[in-house]
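Report on the structure
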Amino acid sequence: MRLSLIRNTCGILRGQRTGRVVCGLSRRLPPVHAAAGNLLLLPRAASATSSGRSSAKVAFNLGKHPAEEDKFESDGAPREIIQSSSEALAVLKRKSPTIQPTLVILQSGEDDNTWQINKRVAKMIGLNITQTCLPKHSTEDEVIEEILKLNDDPGVHGVSLQLPPSFLTSRVVNALRPEKDTDGLSDMNVGRLLRGDCGRSFMPPVARAIVNLLENHDVPLEGKRVLLVGAEGALTYSLQALIERSGMEACKSHRDNLQRRVMEADAVILLGDGNIPSTWVRPGAAVIYEHEMSTKQGSGDLVAAYRIQNVIRSSSRWFQEQQHKPWSLRSLKLKPVTPVPSDIEISRAQTPKAVTVLAEEIGLLPEELEAYGRSKAKVRLSLLDRLQSQPDGNYVLVAGITPTPLGEGKSTVTIGLVQALSAHLKLNSFACLRQPSQGPTFGVKGGAAGGGYAQVIPMEEFNLHLTGDIHAITAANNLVAAAIDARMLHEAAQSDKALYKRLVPSLNGVRTFSPIQISRLQRLGINKTDPESLTPQEVSSFVRLDLDPNKITWQRVLDTNDRFLRKITVGQASTEKGQMRETGFDIAVASEIMAILALSDSLQDMRNRLARMVVGTSRSGRPVTAEDLGVSGALAVLMKDAIKPTLMQTLEGSPVFVHAGPFANIAHGNSSVLADKLALKMVGREGFVVTEAGFGADIGMEKFFNIKCRASGLKPNVVVLVATVRALKMHGGGPSVSAGAPLPKEYIDENLDLVAGGCHSNLRKQIQIAHQFGIPVVVAVNVFRTDTEAEVALVCQIAQESGAADAVPCHHWAQGGRGSVELAKAVKEAASKPSHFKFLYDIEMPIVEKIRTIAQNVYGASDIELSAEAEAKINYYNQQGFGSLPICMAKTHLSLSHMPEKKGAPTGFVLPIRDVRASIGAGFIYPLVGTMSTMPGLPTRPCFYDIDLDPVTEEITGLF
């Protein structure tokens, strides 16, 4: 920057307004290195000698340009600031080529002076800049509304409020996010500056410009007195702090003795619109007018350069915030007691961290979180885009041996393992769990939050409703069912012409197809967009789905075990005009929409999958989809929030994603692909994500590998196989067990023979199943208080002899993460070794051969037997081009075979396939084995007998 020198014989230079002192600075100022904002600087007054001669003076002629030498050079802003800012911007764009730092000038009215100055300087540096003009008579609320929009715009990195003083209220200034307040006027920025936290604050560009000019005055001002005259405010405090840090003494004016204070000052800064008589200024003192700094050429360029420097700093900070951050996870302390209290008592005894605190600890940004109360929040999928270049962590699957009806504690092991990894080994770790269905919660099994000192909290919220995802699935599923029956009714009652008139109505004299209707036309091979151009035959093809009532595969759902809804008759009312048919209900978690939620990897992918869902077949043999019904867009709307995983925490404060909840015996039984992908990015390369597959390894694990891993492209590092002495005794020949009944003495007393029998049959078989996929296995023995040391040691010994990489006892139920430290170490060791993951079958194999491969290699069957109906369905799916989909077997979880009473590892049996269905949107074929039902029933004494609410405290009792 070059400042021309104007020599003047007057003692004092006067400004354009009466009484304004224009200060003169001798010689030229050196280049300025900082960045600034909105003040106008006028040079120091000259001293008049007694002889009438004046010393040399420099005038900053900010309003006039009487001669070329009186102006700034054509490049405007100080060269050094422009150069350093341009270099900083270039470095930032090399790191992130897509970033476009942007400054928004928010102003009242259409005065373009400040805008033009900032635009010129921004162009020199290469920064994006936009102008937003508010009406002059805008209200405070209207200004704040505009600011909030800019706050939420990720493409805006700096906002300058060029508003009249009456607009700059505390509410307005502090409505702007501190990280976008590049004029440094918010309370947060001013407070940080006063505290000395300059690295995080933005200093007002005007204040920096004034201080820089004072520091570079030809007469050293260090130790000199600078008087601030005018109203106090953010700028005043910031300016005072910067002046004092520069070695000058800053003092504020008082009404008393103002003239004396002005005459004693070495420099006077007039804030706001204030003026002082020129006779008050002692010879040689500098006088600076703040209110013209941003609007005059020269000083305005200087201020704009400082402001843009702040915008680039803001952009750099934003870029750094987008990167993966080291975790600062604070573990919650556990104080286990003996005997172990009920799950709900343990949950209530712990105070969870606020979910916003947990999110910050694991590197989530505030805008990526949607809080649902204090202890849970949805996480936005934008996180996956932000961390796309971040390497994945280690991927661990928790599966199990064939369980008893009581369950063997896979969820508890999952949570205990994550607590051990994070709270005790200090490794980033995440648990990914399914959301529990009301079916088992109120039925026989209870909740799914884990148990003892290894559970998700608050367990009541986890087990009841959570964030409403299952309700959204229920609503979406039943909307499809309603659409099916309504369409069949209208097609039966109306002509082609009447249907077309109603499906494509005339609005204001114009008929248009909706996008979803154009999609249907294209699938029919009709490439027309004008509704008036369709032929009668094309109209008929378009309006008639012609669903065959006997070939509708879509059922309604309900998230309650209700056996009497397994088969129902609909359409009995006279208003339905004879459209009566048999149908039924499934449990909500068996809905194809639940499977789609669990397998989608983006909102667009979910939308596409929902559109592809086949709901039935037309009389001509064509599959009819949700897109044909015109309902797929509405389904996506109902599911737009459900697709976001829910963040919660364990008893020890470790993070948990709860998302999706498909049953493993009638669906694929795994939490969502999205939850796993997000967690793998968040934990970092050395971290661990532990996810759980439902029921035994023959069901949940097989589907995890062959269905979920195909959909996600992820490859697991380790399988943790959960075993219990209780279940192994059952597989070794022990008597049957049932929920609610006392355990037979064989399960309470030591019995090594039964344990050995179960290990050599079921445990060994489940380890072999995992090895077929090329994944190392660590056996986790979930220890119960009735287990003896000899029994546990025997399990560990036989597991290792059967090929497990390691086998360790786990005491997380009674001790929390501390009780699973040895398991965590074993998993870490196994994960450090190469994994040779492979699928069980080639996806292009015929459907029958894929079913046979699973039956023989996983279950131990000698062959399969297809019913006539199953065979016909397979032929139909092959004709429709669905043959290249993976298989999702619907089979009992209580045996490796289709016979629940057959324990251990049965062989030589023939697996009966009674029916085969297709979930085209989810992307799999699912055969129904034996008598498998998609709607469970309630037992004689359901769990709900024990569940109640205290009407005074609102505390829930009886959940487990």
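Residues numbered from 1 in each chain as written. Predicted model: local features only at pLDDT ≥ 70, side-chain atom pairs only at ≥ 80, totals over all residues. Heavy atoms only, no water.

1. Focus: the overall build of the chain
- A count of helices and strands for the chain gives 32 helices and 35 strands.
- Taking all 960 residues of the chain together, 57% fall into the buried category.
- For the chain, long-range pairs separated by at least 24 residues make up 74% of all intrachain contacts whose partners lie at least 6 apart in sequence.
- Carbon and sulfur atoms make up 51% of the accessible area of the chain, which amounts to about 39000 Å² in all. (Helix = DSSP H or I, 4+ residues; strand = E, 2+ residues; numbered from the N terminus. Buried < 20%, exposed > 50% of the residue type's maximum accessible area, 1.4 Å probe, protein only. Contact = heavy atoms within 4.5 Å. Areas by Shrake-Rupley, 256 points an atom, 1.4 Å probe, with all protein chains shown as cover.)

2. Here's the deal with the environment of aspartate 392
- With respect to the element layout, aspartate 392 can be found in the loop between helix H12 (382-386) and strand E12 (394-400).
- Given the relative accessible area of 34%, aspartate 392 is considered partly exposed.
- Residues aspartate 392 and glycine 684 lie 292 residues apart in sequence; the distance between their C-alpha atoms is 5.8 Å.
- The contact partners of aspartate 392, leaving out residues within four places of it in the chain, are Leu680, Lys681, Gly684, Arg685 and Leu714.
- A distance of 3.3 Å separates the side chain of aspartate 392 from the side chain of lysine 681, its partner in a polar contact. (Polar contact = N/O pair within 3.5 Å; in protein donor to acceptor, adjacent residues only side chain to side chain.)

3. Some points on the packing of aromatic side chains
- Inspection of the entire model under this criterion finds 13 aromatic pairs.
- For the ring pair phenylalanine 430 and phenylalanine 657, a centre distance of 4.5 Å and an interplane angle of 25° mean the geometry is stacked. Linking phenylalanine 430 in strand E13 (residues 429-433) with phenylalanine 657 in strand E26 (residues 655-658), this pair joins segments that are 227 residues apart in sequence. There is no split in this pair, since phenylalanine 430 and phenylalanine 657 are both buried.
- In textbook terms, an aromatic cluster arises when at least three aromatic residues are bridged by ring pairs, as seen for Tyr395, Phe704, Phe705, Phe773, Phe837 and Phe839.
- Just above the ring of tyrosine 859 sits the side chain of lysine 891; from NZ or CZ to the centre is 4.7 Å. (Phe/Tyr/Trp six-rings, centres within 6.5 Å; stacked < 30°, edge-to-face > 60°. Lys NZ or Arg CZ within 6 Å of the ring centre and 35° of its normal.)

4. Considering the sheet that holds strand E6 (residues 225-229)
- Taken in spatial order, the four strands line up as E7-E6-E8-E9 in an open sheet, and their pairing is parallel. Each edge of the open sheet carries a strand with a single partner, namely strand E7 (249-252) and strand E9 (286-289). Each neighbouring strand pair of the sheet contributes to a mean axis angle of 20°, computed without reference to strand direction.
- Sheet topology places E6 next to E7; four bridges connect them, and they run parallel. The residue of E7 that forms the bridge with valine 226 is alanine 250.
- With respect to the sheet, helix H6 (residues 205-215) is in contact with E6, strand E8 (267-270) and E9, its orientation differing from that of E8 by roughly 165°.
- Most of the contacts of helix H7 (residues 234-245) go to E7, to which it runs at about 155°, and overall it touches E6, E7 and E8. (Pairing = 2+ DSSP bridges. Axes fitted to C-alpha atoms, helices over the stretch in contact; angles between N-to-C directions.)

5. A word on the nonpolar core
- The biggest cluster of nonpolar side chains holds 147 residues, and the ones touching the most others in it are Phe430, Leu647, Phe657, Phe705, Leu763, Val779 and Leu911.
- If one sorts the elements of this core by residue count, helix H16 (residues 469-493) sits on top with nine residues.
- Leave out the neighbours within four places in its chain, and leucine 763 touches Ile401, Leu721, Ala723, Leu728, Gly758, Val779, Val795 and Ala799.
- Membership of the second largest hydrophobic core comes to 44 residues, among which are Leu242, Met248, Tyr306 and Val311. (Core = buried A, V, L, I, M, F, W, Y, C linked by side-chain atoms within 4.5 Å.)

6. Concerning the pairing of E26
- Residues Pro655 and Phe657 point to one face of E26 and Val656 and Val658 to the other, with burial holding for every one of them.
- Direction of pairing for E13 relative to E26: parallel, over a ladder of three bridges. When the sheet's bridge partners are listed, leucine 433 is paired in E26 with valine 658.
- Here strand E25 (residues 646-650) pairs with E26 via four bridges, running antiparallel. Paired with methionine 648 across the two strands is valine 656, which belongs to E26.
- Taken together, E25 and the strand that follows it, E26, pair antiparallel across an intervening segment of four residues, in which glycine 653 is found at a positive phi of about 80°.

7. As for the confidence of the model for the chain
- On average, the chain scores 87 in pLDDT, and the residues at 70 or more come to 89%.
- Confidence drops under pLDDT 50 across residues 1-76; counting only partners more than four residues distant or on other chains, this segment forms 236 contacts. (pLDDT = per-residue confidence, 0-100.)

8. Here's the deal with the packing of helix H20 (residues 592-599) against helix H21 (residues 603-612)
- At a minimum axis distance of 9 Å, the contact between H20 and H21 shows a crossing angle of 150°. For the element pair H20 / H21, the angle class is roughly antiparallel. Of the two possible hands of crossing, H20 and H21 adopt the one that is right-handed. Mapping the contact onto sequence places Ile593, Ile596 and Leu599 in H20 and Asp605, Met606, Arg609 and Leu610 in H21. (Parallel < 35°, antiparallel > 145°, perpendicular 65-115°, else oblique. Left-handed = near helix turned anticlockwise from the far one by under 90°.)

9. Concerning the pairing of E8
- Taking every second residue as pointing to the same face, both faces of E8 are buried, with Ala267 and Ile269 on one and Val268 and Leu270 on the other.
- The pairing of E8 with E9 spans four bridges and is parallel. Its bridge partner lying in E9, valine 268 is registered against valine 287.

10. Observations regarding helix H23 (residues 632-639)
- Turning to H23, its buried residues are Ser632, Leu635, Ala636 and Met639. Along the long axis of H23, the arc covered by the buried residues comes to 100°, so they all point the same way.
- As for H23, its buried residues are in contact with H16, helix H18 (515-523), H20, H21 and helix H22 (626-629). (Arc of directions from axis to C-beta.)

11. As for the side chain of serine 895
- Inspection of the secondary structure puts serine 895 in the loop between helix H32 (868-879) and strand E32 (910-919).
- Reaching out from serine 895, the side chain makes a polar contact with the backbone oxygen of methionine 899 at a distance of 3.2 Å.
- Not counting the four nearest positions on each side in its chain, serine 895 is found in contact with Thr402, Asp698, Pro900, Lys902 and Pro906.

12. Remarks on the sheet that holds strand E33 (residues 924-929)
- Here three strands make up an open sheet; going across it, the order is E31-E32-E33 and the pairing mixed. Here the strands that pair on one side only, and so sit at the sheet edges, are strand E31 (863-866) and E33. Going across the sheet, the axis of each strand differs from the next one's by a mean of 50°, ignoring polarity.
- Sheet topology note: the E31/E32 ladder contains four bridges and is parallel.

13. Description of the packing of helix H2 (residues 113-125) against helix H9 (residues 299-322)
- Axis separation between H2 and H9 bottoms out at 9 Å; the angle between their running directions is 55°. The orientation of H2 relative to H9 falls into the category oblique. Every pair of crossing elements has a handedness; the one defined by H2 and H9 is right-handed. Touching Ile117, Asn118, Arg120, Val121, Ala122 and Ile125 of H2 are Gly300, Asp301, Ala304, Ala305, Arg307, Ile308 and Ile312, all from H9.
- Classifying every residue of the contact of H2 with H9 by side-chain character gives eight nonpolar, two polar and three charged. (Nonpolar A, V, L, I, M, F, W, Y, C, P; charged D, E, K, R; others polar.)

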